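Tertiary structure, described
Here are the chains, one letter per residue:
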2 protein chains.
Amino acid sequence: MRATVMYGAGDVRVEDVPDPVLREPTDAIVRVLRSCICGSDLWPYWSMPPSEHGRRMGHEFLGVVEDTGAEVSGFRAGDVVVAPFVWSDGTCDFCREGLQTSCRHGGQWGGDLDGGQGEAVRVPQAPGTLIRLPAGVDEALLPSLLTLSDVLCTGHHAAVKAGVSPRTAVTVIGDGAVGLCAVLAARRLGAERIVLMGHHKERTDLGQEFGATDVIAERGGEGIEKVRDLTGGDGTHTVLECVGTSAAIDMALGIARAGGAVSRVGAAQYTEVPMDFGTFLRNLTLTGGVAPARAYIEELLPDVLDGTIQPGRVFDRTIGLEEVPDGYRAMAERQALKVLIRP
Amino acid sequence: MRATVMYGAGDVRVEDVPDPVLREPTDAIVRVLRSCICGSDLWPYWSMPPSEHGRRMGHEFLGVVEDTGAEVSGFRAGDVVVAPFVWSDGTCDFCREGLQTSCRHGGQWGGDLDGGQGEAVRVPQAPGTLIRLPAGVDEALLPSLLTLSDVLCTGHHAAVKAGVSPRTAVTVIGDGAVGLCAVLAARRLGAERIVLMGHHKERTDLGQEFGATDVIAERGGEGIEKVRDLTGGDGTHTVLECVGTSAAIDMALGIARAGGAVSRVGAAQYTEVPMDFGTFLRNLTLTGGVAPARAYIEELLPDVLDGTIQPGRVFDRTIGLEEVPDGYRAMAERQALKVLIRP
């Protein structure tokens, strides 16, 4: 089959790779209907050292079950399924607690295993990992359903961990796909005041359609001042940090109201956070982390199926599998917000 | 009256100061029955630059109401009251949310105002600040009741913010008075496994009487390994950081189980916390801060009054007001755990 392999910074190729086969009785083989490129795929795209062997790419996909191992029940060939961005057994203590990203028998797509940016995927721990979609799901819904793999659940995780509710004002830092999904999630959880910080107008426009009530283009100390101005000097109860840089987390801590929470879902590119004596006096909480998407899919699915939320609008370009290298380039150069792949 | 004034590192004096008088209609004058020296008083005792003017000391006290301003209702002369370690109006949005440490009209004892380590105190915002104790309270209970001012509520805040429950294993870092009260609070909230990290045997012995199930004297990487060994390699769901140093917070993050929380109540002596990509992948939360003692006193008071908990056992030395300089020295040299003052 054809699949995406990254060989180093800027070097993404679509190549012939072995067809996936069942190896464990808990495996399933899924033919990919839709996948996409993630903002986090850009970190290796910018920085991966050259590799002779290469690394299979893609951790967001939905597709059709082709085959299942002997211990897989609940799925059969022909089922349409969505996969969260890590696989997990669904039975260990962490999975039962809803922290499938720490599953004792889980792991990540890609690398030496199949990734989502290919024609098909061997899915380990299929019973714990996959979620079956209703039969005959409308093809027009597939982009929104695909966001359950990662970005929608990641935005939701930020909002849930921060404690967003109708009583909390919210700031979302970052107008990428995760930030926009965080706006959607905060609105869905009842937040009435949602400040979106970003400086790409077409993205913040979509953010306003998703529920942002205020948009702030300024960053750093100026950005902090702007949010404080909007909130009587206090800042917001919850801050959803959807970028992952040191500058973003520093700004987040400056924006949070005393007693509030900064919830981070931008993959941390920093090693230290200034949780100093000032933040101690203000009783700030720093929470969040990599989102256990699997824990949220069943809850979010109905709202996606009935169109209450339309997170698929974050995709502003659709490509075929052979065009994936162009897709990376477009996202890296910010010509595309998020690229959908139809293999 | 006589009161404690600090003029610089190691320079604590008991002096004549003006008697307190009512200035605002919301003031009360309280004659101190018991006060004490706090671990946090040792930070200026070790580091305060010389000051000609000096700084009044003490933020923990209980006493008898002597006089009240025109707008003080609910208290009258003769009532025995306990004061939390900051004063607050009890009516602003932060107070109503239980974050009295961020009160819009609150402040701290001492400095240019009266402190607890004296014969009497002018209490600003008395209606929002003071809690009346039952008439005729047993004098033997006064030490335990005094801990409601700070250390018991601070330990409780650590446990509450971390989410301690019967389902969570707990590690308490630090065997000072706050750490021991955190053990008491965690046990009171139902924790069954409580690991106390400290290396002063007489203190950890008291910690075991308070509910600690395991004691670990090792620190740093060795301490982390010991806690992991006790918990199947996972660490504990909640870590109550009751020291405030960089080494303590680093250790706390190494001890927390994936999905868990580090709750810090040791006054932060650091500017950065290593909440790096590893902690992001483990979904660790860093929470806590300066404890809004006022929010907890009513809840904890019954258990102190009926002897269910005996936090006053953290006092291992009692002195008169004139001996306060000796009390500082004893705590600084670790000859005393916590010093009670009977003015």
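Position labels on residues start from 1 in each chain and follow its written sequence. All chains are assigned letters beginning with A, and all ligands numbers beginning with 1, in the order in which they are written. Local features are withheld for residues below a pLDDT of 70 in this predicted model, meaning they are given only at 70 or higher, and side-chain atom pairs are given and counted only at 80 or more; totals for whole chains, interfaces and linings count all residues. Remark: hydrogens and water are excluded; side-chain values derive from all non-hydrogen atoms of the structure.

1. A look at the environment of B:Pro49
Residues and elements named next belong to chain B. Each helix is a run of H or I in the DSSP string that is no shorter than four residues. Each strand is a run of E no shorter than two, and both are numbered from the N terminus. The residue Pro49 is located in the loop between helix H1 (42-47) and strand E4 (55-56) in this model. For Pro49 and Tyr7, which are 42 residues apart along the polypeptide, the C-alpha to C-alpha distance reads 8.0 Å. Beyond its immediate sequence surroundings of up to four residues, Pro49 is in contact with Tyr7 and Gly8. We call two residues in contact whenever any of their non-hydrogen atoms come within 4.5 Å of each other.

2. Digging into the sheet that holds strand E2 (residues 11-16) of chain B
Residues and elements named next belong to chain B. Between any two strands, pairing holds if DSSP finds at least two bridges. Spatial strand order, E2-E1-E4: 3 strands in an open sheet with antiparallel pairing. Strand pairing shows two members of the sheet lacking a second neighbour, E2 and E4, which therefore form its edges. Note: strand E1 (residues 2-8) against E4, 2 bridges, orientation antiparallel. Pairing of Val5 across the sheet is with Arg56, part of E4. In the packing of helix H12 (residues 324-332) onto the sheet, the strands contacted are E1 and E2, and the crossing angle to E2 comes to about 160°. A fitted line through C-alpha atoms represents every axis, and for helices the fit uses only the stretch in contact; the resulting angles, taken between N-to-C directions, go from 0 to 180 degrees.

3. Details of the packing of aromatic side chains
Pairs were defined over the aromatic rings of Phe, Tyr and Trp, the Trp ring being its six-membered one, requiring ring centres within 6.5 Å. Orientation was assigned from the angle between planes: stacked under 30 degrees, edge-to-face over 60, tilted for the rest. Evaluated as defined, the whole model comprises 10 aromatic pairs over all chains. With a centroid separation of 5.9 Å and 75° between ring planes, the pair formed by B:Trp43 and B:Trp46 is classed as edge-to-face. Of this pair, B:Trp43 and B:Trp46 are both found in helix H1, 3 residues apart, which corresponds to roughly one turn of the helix. Geometrically, the ring pair formed by B:Phe61 and B:Trp109 is edge-to-face, given 5.1 Å between the ring centres and 80° between the ring planes. A residue pair is termed long-range when its members are at least 10 positions apart, and B:Phe61 in strand E5 (residues 61-68) and B:Trp109 in the loop between strand E8 (107-108) and strand E9 (120-123) qualify at 48 residues. Across the pair, exposure class does not vary: B:Phe61 and B:Trp109 are buried alike. Among the aromatic residues, those joined into a ring-pair cluster are A:Phe61, A:Trp87 and A:Trp109. Of note, B:Arg13 hangs over the ring of B:Tyr7, and the distance from its end group to the ring centre comes to 3.8 Å. Exposed residues in this analysis have more than 50% of their type's maximum accessible area, buried residues have under 20%, and partly exposed residues fall in between, with area computed by a 1.4 Å probe over protein chains only. Counting as a charge over the ring demands two things of the Lys NZ or Arg CZ atom: a distance within 6 Å of the ring centre and an angle within 35 degrees of the ring normal.

4. Concerning the sheet that holds strand E2 (residues 11-16) of chain A
Whether parallel or antiparallel, the strands of a sheet pair through hydrogen bonds between backbone atoms. Residues and elements named next belong to chain A. Reading across the sheet, the 3 strands line up as E2-E1-E4 and stay open at both edges, with antiparallel pairing between neighbours. The open sheet has two free edges, formed respectively by E2 and strand E4 (55-56), since each of these has just one partner strand. In this sheet, E2 lies alongside strand E1 (residues 2-8) in antiparallel orientation, the contact comprising 6 bridges. Bridge assignment links Val5 to a residue of E2, and that residue is Arg13. Sitting on the sheet, helix H12 (residues 324-332) is in contact with E1 and E2, with an inclination near 160° to E2.

5. A few points about the interface of chain B and chain A
Taken together, the contact pairs 37 residues of chain B with 37 residues of chain A. For the pairing of chain B and chain A, the buried interface totals around 3000 Å² over both sides, and the portion due to carbon and sulfur atoms is 47%. By the criterion of area lost to chain A, the three top residues of chain B are B:Met275, B:Phe280 and B:Asn283, representing 22% of everything that side buries. Note on definitions: salt bridges are taken to be side-chain nitrogens of Lys or Arg within 4 Å of carboxyl oxygens of Asp or Glu. There are 6 salt bridges connecting chain B and chain A. Under the rule applied, a polar contact is a pair of N or O atoms within 3.5 Å (in protein, one hydrogen donor and one hydrogen acceptor; residues adjacent in sequence only if both atoms are side-chain atoms). Here chain B and chain A share 20 residue pairs in polar contact (both at pLDDT 80 or more) between them. Of all the secondary-structure elements, those providing two or more residues to the side of chain B that touches chain A are helix H2 (93-96), helix H5 (151-162), strand E15 (256-264), helix H10 (277-281) and strand E16 (285-288) of chain B. Three classes are used: nonpolar for Ala, Val, Leu, Ile, Met, Phe, Trp, Tyr, Cys and Pro, charged for Asp, Glu, Lys and Arg, and polar for all others, with Gly counted as polar. Counted by class, the side of chain B that touches chain A contains 16 nonpolar, 12 polar and 9 charged residues. Accessible-area loss on putting two parts together, using a 1.4 Å probe and summing over both, is the definition of buried area adopted here.

Any functional reading would require information beyond the geometric quantities listed.
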